[in-house]
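Observations on the three-dimensional arrangement
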Amino acid sequence: MNRNTYVQFAPLRLREGFDEQALLAASDAFQVSFISRQQGIVKRILMRGTDGSNADMIYFESKTAAERVAAAQAVSQERLEFFRIMQPPDPARPHLRALRFEQVK
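These numbers were taken from a predicted model, which means no experiment stands behind them.

**Structural notes on the sheet that holds strand 4 (residues 99-102)**
The strand order 2-3-1-4 describes an open sheet built from 4 strands, whose pairing is antiparallel. Looking along the sheet, the strands with just one partner apiece sit at the ends: strand 2 (41-48) and strand 4. Put simply, the sheet's adjacent strands are angled 15° from each other on average, direction ignored. Sheet analysis places strand 1 (residues 6-12) next to strand 3 (residues 54-60), joined by 7 bridges and oriented antiparallel. Its bridge partner being in strand 3, P11 is matched across the sheet by A55. Each of strand 1, strand 2 and strand 3 is contacted by helix 1 (residues 20-33), which is oriented at about 175° to strand 2, the strand it contacts most. The sheet strands contacting helix 2 (residues 63-74) are strand 1, strand 2, strand 3 and strand 4, and the helix crosses strand 3 at an angle near 125°.

**So, the environment of M57**
Tracing the sequence through the fold places M57 in strand 3. Look at M57 and you get buried, because its relative accessible area is 15%. Those residues in contact with M57 that lie beyond four places of it in its chain are V7, Q8, F9, K43, R44, I45 and M47.

**A look at the packing of aromatic side chains**
Tallied over the entire structure, the rule returns 3 aromatic pairs. A centroid spacing of 4.8 Å and a plane angle of 5° characterise the contact between F30 and F82, whose relative ring orientation is stacked. Within this pair, whereas F30 is found in helix 1, its partner F82 is found in helix 3 (residues 77-83), the two being separated by 52 residues in sequence. For the pair F30 and F82, one class covers both residues: buried.

**Some thoughts on helix 1**
For helix 1, with 14 residues, the first-to-last C-alpha span of 20 Å sits near the 20 Å given by 1.5 Å per residue. Of the positions making up helix 1, those classed as buried are L23, A26, S27 and F30. Looking straight down helix 1, one finds its buried side chains confined to an arc of 105°; they lie on one side. For helix 1, exposure combined with an orientation more than 90 degrees from the buried face picks out Q21, D28 and V32. Residues of helix 1 that are buried sit in contact with strand 1, strand 2, strand 3, helix 2 and helix 3. Between a side-chain oxygen at the N-terminus of helix 1 and the backbone nitrogen of Q21 the separation is 3.2 Å; the capping residue is D19.

**A short note on the nonpolar core**
L23, I35, I41, F60, F82 and M86 are the most contacted members of the largest nonpolar core, which totals 16 residues. When contributions to this core are tallied by element, the ones reaching two or more residues are strand 1, helix 1, strand 3 and helix 2. Every residue in contact with M86, bar those within four places of it in the chain, is listed here: L12, R13, L14, R15 and L23.

Conventions used here
Residues numbered from 1 in each chain as written. Predicted model: local features only at pLDDT ≥ 70, side-chain atom pairs only at ≥ 80, totals over all residues. Heavy atoms only, no water. Pairing = 2+ DSSP bridges. Helix = DSSP H or I, 4+ residues; strand = E, 2+ residues; numbered from the N terminus. Axes fitted to C-alpha atoms, helices over the stretch in contact; angles between N-to-C directions. Contact = heavy atoms within 4.5 Å. Buried < 20%, exposed > 50% of the residue type's maximum accessible area, 1.4 Å probe, protein only. Phe/Tyr/Trp six-rings, centres within 6.5 Å; stacked < 30°, edge-to-face > 60°. Expected span 1.5 Å × (residues − 1). Arc of directions from axis to C-beta. Polar contact = N/O pair within 3.5 Å; in protein donor to acceptor, adjacent residues only side chain to side chain. Core = buried A, V, L, I, M, F, W, Y, C linked by side-chain atoms within 4.5 Å.

Just distances and angles here, no functional claims.
Set out below in structure tokens:
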């Protein structure tokens, strides 16, 4: 990866009534309908924690690319479909919000 790599790590919490199969199906649909059409995304990985939690990790070519995708995602119907099975962020638990990282070495 180049020196400008930018990574977003987003914890995902499913709404009650949705299971891993629903998550996998929604993730696949989001990948095809939105992620695969965005320039500047190097790769995306859906991960499961040892505690059963999930997270979406997206690698971007640069911070600029990440910002461009975030702007497109903000108005995306595909994003709404993917996130309809997720619990909204809890303001009392800021550590569960998306984190962003720039490569330093």
